[in-house]
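Structure at a glance
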Protein chains: 2
Amino acid sequence: MTGLPFDERTLREARRIAQRTPPAETDPKVEALVTELIGRVADKWTMLILEVLHQHGELRFTQLARQVEGISQKMLTQTLRQMERDGMVTRTVHPVIPPRVDYRLTELGASLGAAFCGVWIWAEENLDKVEAARRAFDASGATVRR
Amino acid sequence: MTGLPFDERTLREARRIAQRTPPAETDPKVEALVTELIGRVADKWTMLILEVLHQHGELRFTQLARQVEGISQKMLTQTLRQMERDGMVTRTVHPVIPPRVDYRLTELGASLGAAFCGVWIWAEENLDKVEAARRAFDASGATVRR
DNA sequence: CAGCATCCATTCAGATACTG
DNA sequence: CAGTATCTGAATGGATGCTG
């Protein structure tokens, strides 16, 4: 992949999000959603799918499978269903033979990418520090148990 | 938990992050770090530890275990080690009997929380849409295979 | 007190085979 | 074409017991 879709529109959205002031007290439902969202985005495939759909606009199942390198058909189906359920993606079934199903990002799905821009930028800014910390830790002989 | 540490300083940091313009071409190393970071934060415990350390300043192992509700000792040790390795946390061993180990957030660790503010705010703004989408999906009789 | 080592149940993802 | 169903190995995380 080539990273988050950093076009101008996405960046504007990311900045608008950061300008908002969140309430002092966090709604438990929001908390649960955040945890779920982060977990979803971390699941390795969601972000990749988000990205290729953002780039291509609309894709069929097989086209997606080709674009998202390494994904199994099972994971593609599963991830797309979850994204559809969360309103990130629309699934359009054309009643033809052979079947044809189109997937497209929704506004909601596109803006989720923007929400993660902050993490992306942070990583860029702090990559050196993290790497240095890791080198120091490993050189000290310490290990992380598994 | 009560949500991300949304104090003024954290918010300023989040906004500063969002104002930066990322490069057009993403460094593969940054990409790998982003994926790792998101995965780490999604692992359920890292964020919680980040939060209680942010609130309390410095805590001993057992105090952390008490503050982070539900965490097993194994997961606490493992997560703390990973955070230490990544430079998010400092671990100070006092050579006394019984042993005493203090954990404290680093600047880097604190700023990571800020990087995720965008996701938090996004979730607050879009919770209703996601819930509506899920209700519609579930009502349609569709399911997500497991 | 602050861990490490070990065992075990559950989850998960990949491969494979089959279908409307 | 766009899936579903099933099997299996691997990774996770919790519980328990032990130690300097």
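One can find the structure itself at the top, above this paragraph.
Residues numbered from 1 in each chain as written. Chains lettered and ligands numbered in written order. Predicted model: local features only at pLDDT ≥ 70, side-chain atom pairs only at ≥ 80, totals over all residues. Heavy atoms only, no water.

**Side note on the nonpolar core**
Leu64, Phe116 and Trp122 of chain A together with Leu64, Phe116 and Trp122 of chain B are the most contacted members of the largest nonpolar core, which has 82 residues in total. Those residues in contact with Trp122 of chain A that lie beyond four places of it in its chain are Val130 of chain A together with Ile17, Leu37, Met88, Leu108, Ser111, Leu112 and Ala115 of chain B. (Core = buried A, V, L, I, M, F, W, Y, C linked by side-chain atoms within 4.5 Å. Buried < 20%, exposed > 50% of the residue type's maximum accessible area, 1.4 Å probe, protein only. Contact = heavy atoms within 4.5 Å.)

**A word on empty space enclosed by the protein**
In the structure shown here, the tally under the stated rule is three cavities of 30 Å³ or more. Of the voids in this model, the largest cavity is the one considered here, and its volume is about 90 Å³. If you trace the largest cavity, you find 13 residues lining it, with Ala14, Ala18 and Gly118 of chain A together with Ala18 and Gly118 of chain B closest to the centre. Mapped onto the lining of the largest cavity, the elements with two or more residues apiece are helix 1 (8–19) and helix 6 (107–115) of chain A together with helix 1 (8–19), helix 6 (107–115) and helix 7 (117–139) of chain B. Roughly 50 Å³ of volume is contained in the second largest cavity. Taken together, Leu37, Arg40, Val41, Thr46, Gln82, Met83, Asp86, Met88 and Leu112 of chain B make up the full set of residues lining the second largest cavity. (1 Å grid on protein atoms, 1.4 Å probe; cavity = no way out; pocket = protein on both sides within 12 Å on 5 of 7 lines; lining within 4 Å. Points joined across faces, edges and corners; volume = space filled by probe spheres on them. Helix = DSSP H or I, 4+ residues; strand = E, 2+ residues; numbered from the N terminus.)

**Comments concerning the interface of chain A and chain B**
In this assembly, 64 residues from chain A lie in contact with 64 residues from chain B. Buried area between chain A and chain B, summed over both chains or domains, comes out near 6,500 Å², and the portion from carbon and sulfur atoms is 65%. The three residues of chain A that bury the most area against chain B are Arg85, Trp122 and Arg134 of chain A, which together make up 13% of that side's buried surface. Notably, a salt bridge pairs Arg20 of chain B with Glu125 of chain A, separated by 3.3 Å at the nearest N-O pair. In this structure, the connection of chain A to chain B is made through 22 residue pairs in polar contact (both at pLDDT 80 or more). Going through the elements one at a time, helix 1, helix 2 (28–42), helix 5 (73–85), helix 6 and helix 7 (117–139) of chain A are the ones with two or more residues in the side of chain A that touches chain B. For the side of chain A that touches chain B, the element with the most residues is helix 7 of chain A, which contributes 17 residues. For the side of chain A that touches chain B, the per-class residue count stands at 30 nonpolar, 14 polar and 20 charged. (Buried area = accessible area lost by both parts, 1.4 Å probe. Salt bridge = Lys/Arg side-chain N within 4 Å of Asp/Glu carboxyl O. Polar contact = N/O pair within 3.5 Å; in protein donor to acceptor, adjacent residues only side chain to side chain. Nonpolar A, V, L, I, M, F, W, Y, C, P; charged D, E, K, R; others polar.)

**A look at helix 7 of chain B**
Between its terminal C-alpha atoms helix 7 of chain B stretches 32 Å, which fits the 33 Å expected from 23 residues at 1.5 Å a residue. The principal kink in helix 7 of chain B, of about 60 degrees, is found at Asn126 of chain B. (Expected span 1.5 Å × (residues − 1). Bend = angle between axes of the 7 residues up to and from the residue.)

**Quick notes on the pairing of strand 3 (residues 100–105) of chain B**
Residue and element names in this part refer to chain B. Looking at chain direction, strand 1 (residues 58–60) and strand 3 are connected through three bridges and run antiparallel. Looking at the pairing, Arg60 lines up with Asp102 of strand 3. Counting the residues between successive antiparallel strands, the hairpin from strand 2 (residues 89–94) to strand 3 contains five residues. (Pairing = 2+ DSSP bridges.)

**Overview of the relation of the copies chain A and chain B**
Each of the two chain copies can be generated from the other by rotation about an axis followed by a shift along it. Its rotation angle being 180 degrees, the transformation that places chain A on chain B also includes 0.0 Å of axial translation and leaves an RMSD of 0.1 Å. Here the symmetry operator amounts to a two-fold rotation axis. (Least-squares fit on C-alpha atoms with pLDDT ≥ 70 in both.)

**With respect to the pattern of salt bridges**
Residues and elements named next belong to chain A. As enumerated under the stated definition, the model contains 24 salt bridges over all chains in all. As a salt-bridge pair, Asp86 and Arg40 come within 2.5 Å of each other at their nearest N and O atoms. Taken together, the positions of Asp86 in the loop between helix 5 and strand 2 (89–94) and Arg40 in helix 2 put the pair 46 residues apart, joining distant regions of the chain. On the basis of relative accessible area, Asp86 is assigned to the buried category, the value being 4%. Arg40 gets classed as buried once you look at its relative accessible area, which sits at 15%.

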